[in-house]
Amino acid sequence: MPDDNDNPKDPNTVTATTPSPALDAERSDLLAALATARSALTATVRGLGDEQAGQRPTASALCLGGLIKHVASTEEEWMRFVAEGPSAMRYDLPDGVTWADFAAGTAREFPQWAIDHQNDFLMLPGETLAGILARYEQVAARTEEIAAAADLSAAHPLPEAPWHEPGAVRSVRRVLMHLIAETAQHAGHADILRESLDGQTST
């Protein structure tokens, strides 16, 4: 694929956020690594239209637009956790629904957070790739703002959920490390989707 400089007006290009030089070295390194992972992810949609971004070119149910939506929502949720604590990540179930029902897909009702999570992997009617990327930029800017002011060692308990070990806590530092790993992992998925879609890769 062409370098960013070859197509500077591409509407699907996300501007990488550069951490302020006033930040301490560790914080700056973490934010720079996250920005690099974000750039690797968004580079996979360069030059695509909305229809292509919503296609599922592999055996997976994933599409490029949905994958970026998911990563943006995940980053936003974890940074709310940093700012607000476990109340920002509630996983309540409807009355009478158990985690076993939920896991088996037999629950009589699914919570809104689970529906939203599933929709994050899709490009819904009316959504555009440009809109998805613009939201991701907003999420990234908010991450920079929160992380710049946070104590990296400050920690909150994780909310109760089957995928969280009982009594576990997460520091701001570990949240940022998790976001780097998650974003980089999905950038790899996105590269495969793009290559399956039209033979292009992000590098």
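Everything discussed here concerns the structure shown above.
For clarity, every value in this text was computed on a predicted model and none was experimentally measured. (Residues numbered from 1 in each chain as written. Predicted model: local features only at pLDDT ≥ 70, side-chain atom pairs only at ≥ 80, totals over all residues. Heavy atoms only, no water.)

Undergrad: Outline the environment of L64, supporting the account with residue identities and numerical values.
TA: Topologically, L64 is positioned in helix α3 (residues 64-84). Between the C-alpha atom of L64 and that of I192, which follows or precedes it by 128 residues, the distance is 9.8 Å. Once you skip the residues sitting within four places of it in the chain, L64 turns out to touch T44, V45, L48, A53, Q55, A190, L193, R194 and L197. (Helix = DSSP H or I, 4+ residues; strand = E, 2+ residues; numbered from the N terminus. Contact = heavy atoms within 4.5 Å.)

Undergrad: Could you give an account of the packing of α3 against helix α6 (residues 129-149), with specific residues and numbers?
TA: Viewed as axis vectors pointing N to C, α3 and α6 meet at an angle of 25 degrees, and their least axial separation amounts to 9 Å. Judged by the angle between their axes, α3 and α6 are roughly parallel. Where α3 crosses over α6, the two elements pack in a sense that is left-handed. Residue-level contacts link G65, I68, K69, V71, A72, S73, E75, E76, M79, V82 and A83 of α3 to I132, L133, R135, Y136, V139, A140, T143, I146 and A147 of α6. Residues of the contact of α3 with α6, tallied by class, amount to 13 nonpolar, 3 polar and 4 charged. (Axes fitted to C-alpha atoms, helices over the stretch in contact; angles between N-to-C directions. Parallel < 35°, antiparallel > 145°, perpendicular 65-115°, else oblique. Left-handed = near helix turned anticlockwise from the far one by under 90°. Nonpolar A, V, L, I, M, F, W, Y, C, P; charged D, E, K, R; others polar.)

Undergrad: Could you give me a rundown of the layout of surface pockets, with the residues and numbers involved?
TA: Approximately 690 Å³ is the volume found for the largest pocket. Lining the largest pocket we find 29 residues, and of these T74, E77, Y91, W113 and H117 sit closest to its centre. Looking at the lining of the largest pocket, the elements that each hand over two or more residues are α3, α5 (112-119) and α7 (172-198). Class assignment of the residues belonging to the lining of the largest pocket gives a composition of 11 nonpolar, 8 polar and 10 charged. (1 Å grid on protein atoms, 1.4 Å probe; cavity = no way out; pocket = protein on both sides within 12 Å on 5 of 7 lines; lining within 4 Å. Points joined across faces, edges and corners; volume = space filled by probe spheres on them.)

Undergrad: Give a detailed account of the packing of aromatic side chains, specifying residues and quantitative values.
TA: Here the structure, examined in full by the defined rule, presents 9 aromatic pairs. Plain terms: the ring middles of W99 and F102 are 5.4 Å apart, the flat faces sit at 85 degrees to each other, and that makes the pair edge-to-face. Taken together, the residues span about one helical turn, with W99 and F102 both in helix α4 (residues 99-104) at a distance of 3 residues. With centroids separated by 5.4 Å and ring planes inclined at 40 degrees, the aromatic side chains of F102 and W113 adopt a geometry described as tilted. Here the residue F102 occupies a position in helix α4, and W113 occupies one in helix α5, the gap between them amounting to 11 residues. Taken together through their ring pairs, the aromatic side chains of Y91, W99, F102, F110, W113 and W163 make up a single cluster. (Phe/Tyr/Trp six-rings, centres within 6.5 Å; stacked < 30°, edge-to-face > 60°.)

Undergrad: How would you summarise the environment of H156 if you had to cite specific residues and measurements?
TA: Within the element layout of this structure, H156 appears in strand β1 (residues 155-157). Not counting the four nearest positions on each side in its chain, H156 is found in contact with F81, V82, G85, P86, A168, V169 and R170. Within polar-contact distance, the side chain of H156 engages the backbone oxygen of F81 at 3.5 Å. (Polar contact = N/O pair within 3.5 Å; in protein donor to acceptor, adjacent residues only side chain to side chain.)

Undergrad: Account for the packing of α3 against α7, naming residues and giving values.
TA: For any two helices packed against each other, one specifies the inter-axial angle together with the distance between the axes. With their axes 10 Å apart at the nearest point, α3 and α7 run at an angle of 175 degrees to one another. Taken together, the axes of α3 and α7 lie roughly antiparallel to each other. Looking at the contact of α3 with α7, its residues break down into 14 nonpolar, 6 polar and 3 charged.

Undergrad: Provide a residue-level description of the nonpolar core, including the pertinent values.
TA: Counting residues in hydrophobic clusters, the biggest one holds 22 residues, and the most contacted among them are L41, V45, L48, L64, I68, L129 and Y136. Among the elements of the structure, α3, α6 and α7 are those that each provide at least two residues to this core. Ignoring sequence-local partners within four residues, the contact set of I68 consists of L41, T42, V45, I132, L133 and Y136. Among the nonpolar cores identified, the runner-up in size contains 21 residues, and L34, M79, A161 and A168 belong to it. (Core = buried A, V, L, I, M, F, W, Y, C linked by side-chain atoms within 4.5 Å. Buried < 20%, exposed > 50% of the residue type's maximum accessible area, 1.4 Å probe, protein only.)

Undergrad: Describe helix α1 (residues 25-42), and please don't skip the residues or the numbers.
TA: The end-to-end C-alpha distance of α1, which contains 18 residues, comes to 26 Å, matching closely the 26 Å that a straight helix rising 1.5 Å per residue would cover. Every buried residue belonging to α1 is among R27, L30, L31, L34, A35, A37, R38, L41 and T42, and all of these are buried. For α1, the buried positions fall inside an angular range of 160 degrees around the axis, keeping them on one side. Across from the buried face of α1, at angles greater than 90 degrees, the exposed residues are A25, D29 and T36. (Expected span 1.5 Å × (residues − 1). Arc of directions from axis to C-beta.)

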